[in-house]
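Each chain, written out:
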Amino acid sequence: IMFPPGACPSYSAFLSQAGITFAAVLSGNFFQTIQIELFNFKFFLALGAAYGTAKSGLAISAISTSKPDAIIKSLLPVIMAGILSIYGLVVAIFIALLLSPTDPLSLFAGGLHLGAGLAVGLSCLASGLAIGTLGDAGVRAYAKQPRFFFGLILLLVFAEVLGIYGFLGAGMLVNSTRSALSCKA
């Protein structure tokens, strides 16, 4: 679909708001229940980090009775899953700071905001699923064999980097909208 340069339909701002929503909801941490309000639009950060936190937390609970000294090191997957919510929150704030309730928004900018939100949200969701699965198996393996800890760290870093890639891609998309925000009369 081709749109004329500077096209400003009324639903352009909806695309930006959808990008904010996807960035926050797909990447965030439900257990932290971070509630933010942007232009009277409230939502909870929810999915990606929540799975990683819950799945890893179950493994930590399972090993806590047999190996209580391993609990602190076993918190690493939970911490790394919680970091995912920050990526989505930062992208949502960057998009919201570019919006103005009085100035019309170009369709191109709205589409880029939607793409940025989907990029960070879906990549953090995938990263959260990977961290949760690796954290569950890794914490249980670490409880049986402490030498596995270094391998667990490497696997978790590789899982976390998926969210970082989405965060960087979303940042590039948001940055490219600065010149395309306004509509041409």
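Just above, that's the structure.
To start, this report covers the structure provided alongside it. This one's a predicted model, so the numbers in the text were calculated from it and none came from an experiment.

### A few points about the packing of helix 5 (residues 107-144) against helix 6 (residues 149-176)
Here is step 1: Where helix 5 meets helix 6, the axes come as close as 8 Å, and the angle between the chain directions of the two elements is 175°. The angle between helix 5 and helix 6 falls in the class roughly antiparallel.
Here is step 2: Each residue belonging to the contact of helix 5 with helix 6 can be placed in one class, and the counts come to 20 nonpolar, 8 polar and 1 charged.

### Let's talk about the environment of Ala 59
Here is step 1: With respect to the helices and strands, Ala 59 occurs in helix 2 (residues 47-63).
Here is step 2: The class of Ala 59 is buried, set by a relative accessible area of 0%.
Here is step 3: Here the alpha-carbon distance between Ala 59 and Arg 140, two residues 81 residues apart in the chain, equals 6.2 Å.
Here is step 4: Non-local contacts of Ala 59, meaning those with residues more than four positions away in its chain, are made with Gly 135, Asp 136, Val 139 and Arg 140.

### Examining a nonpolar patch on the surface
Here is step 1: Taken together, Ile 72, Leu 75, Ile 79, Ile 83 and Ile 86 make up a surface patch of nonpolar side chains, about 450 Å² in accessible area.
Here is step 2: When residues in the nonpolar patch are grouped by element, the largest group, 3 residues, is from helix 4 (residues 76-98).
Here is step 3: Among the secondary structure elements, Ile 86 is positioned in helix 4.

### Some points on the nonpolar core
Here is step 1: Within the largest apolar cluster, 32 residues are counted, with the highest numbers of intra-cluster contacts made by Ile 20, Leu 84, Val 91, Ile 95, Val 120 and Ile 131.
Here is step 2: When residues of this core are traced back to their parent elements, those giving at least two are helix 1 (12-27), helix 2, helix 4, helix 5 and helix 6.
Here is step 3: Ranked by the residues each element gives to this core, the list is headed by helix 4, at 9 residues.
Here is step 4: Leave out the neighbours within four places in its chain, and Val 91 touches Ala 23, Ala 116, Val 120, Phe 167 and Ala 170.

How each quantity is defined
Residues numbered from 1 in each chain as written. Predicted model: local features only at pLDDT ≥ 70, side-chain atom pairs only at ≥ 80, totals over all residues. Heavy atoms only, no water. Axes fitted to C-alpha atoms, helices over the stretch in contact; angles between N-to-C directions. Helix = DSSP H or I, 4+ residues; strand = E, 2+ residues; numbered from the N terminus. Parallel < 35°, antiparallel > 145°, perpendicular 65-115°, else oblique. Nonpolar A, V, L, I, M, F, W, Y, C, P; charged D, E, K, R; others polar. Buried < 20%, exposed > 50% of the residue type's maximum accessible area, 1.4 Å probe, protein only. Contact = heavy atoms within 4.5 Å. Patch = residues over 30% accessible without salt bridge, like charges linked within 9 Å, V, L, I, M, F, W, Y side chains within 5 Å. Areas by Shrake-Rupley, 256 points an atom, 1.4 Å probe, with all protein chains shown as cover. Salt bridge = Lys/Arg side-chain N within 4 Å of Asp/Glu carboxyl O. Core = buried A, V, L, I, M, F, W, Y, C linked by side-chain atoms within 4.5 Å.

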